[in-house]
Amino acid sequence: MKKLLIGLILIFSSVSLSFSQASEKEKEIIKLSKEKWQWMADKDVDKLAILFDDKSKFVHMSGTWKKERELKIIESGSIWYKNAEVHDVAVEIFDHTAVLWNRITLVAHVRGNDVSNEFTVTEIYKKGTDGWKLLDLTFSKVRDTHTIAH
């Protein structure tokens, strides 16, 4: 009986530890995503260049392109991500890969005009030896009533 009780305690402890680690990874990705939105608003291409994987892709309403073009767009201000108001966030962790969904209202300066759009933004991150790298950022235009299933 004593061995059974100790075994159950060990199993419960390891399950609790697994959940807390996943929760910490989720918190880490959410924090990183929030920082990314701020770096985009600040046009901080140095920090973004470190975060964006060299093979990363960016899917916008007007096209899909790679890291270098996204950084040039941000630096030049041809798209200025002025403010991303995050309404909801969901994260799924798969080993060393994280998928994050943000439902946002984005205020951006595009082609000389300030525009506001509702998006669900999908972000895919991979953890390597040098930390988390953004692999994909996809904007999906949605209604303001759109919800993310958790």
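Preceding this paragraph is the structure being described.
In this report, the structure presented in the accompanying data block is examined. (Residues numbered from 1 in each chain as written. Predicted model: local features only at pLDDT ≥ 70, side-chain atom pairs only at ≥ 80, totals over all residues. Heavy atoms only, no water.)

1. Quick word on the nonpolar core
Reasoning step 1: Ile-104, Leu-106, Tyr-125 and Phe-139 are the most contacted members of the largest nonpolar core, which totals 30 residues.
Reasoning step 2: Elements that contribute at least two residues to this core include exactly helix 1 (2-41), helix 2 (45-51), strand 1 (52-59), helix 3 (67-76), strand 3 (79-94), strand 4 (97-110), strand 5 (113-128) and strand 6 (131-141).
Reasoning step 3: Residues in contact with Phe-139, not counting those within four places in the same chain, are Trp-37, Val-59, His-60, Tyr-81, Ile-104, Leu-106, Phe-119, Thr-120 and Val-121. (Core = buried A, V, L, I, M, F, W, Y, C linked by side-chain atoms within 4.5 Å. Buried < 20%, exposed > 50% of the residue type's maximum accessible area, 1.4 Å probe, protein only. Helix = DSSP H or I, 4+ residues; strand = E, 2+ residues; numbered from the N terminus. Contact = heavy atoms within 4.5 Å.)

2. Looking at the pattern of salt bridges
Reasoning step 1: Counted under the stated rule, the structure contains nine salt bridges.
Reasoning step 2: Across the salt bridge formed by Lys-36 and Glu-123, the nearest N and O atoms sit 3.3 Å from each other. With a gap of 87 residues between them, Lys-36 in helix 1 and Glu-123 in strand 5 connect regions that are remote in the sequence.
Reasoning step 3: Since its relative accessible area comes to 0%, Glu-123 is described here as buried.
Reasoning step 4: For Asp-54, the salt bridge identified is with Lys-67, shortest N-O distance 2.8 Å. Of this pair, Asp-54 sits in strand 1 while Lys-67 sits in helix 3; the two residues are 13 residues apart in sequence, bridging distant segments of the chain.
Reasoning step 5: Since its relative accessible area comes to 62%, Asp-54 is described here as exposed. (Salt bridge = Lys/Arg side-chain N within 4 Å of Asp/Glu carboxyl O.)

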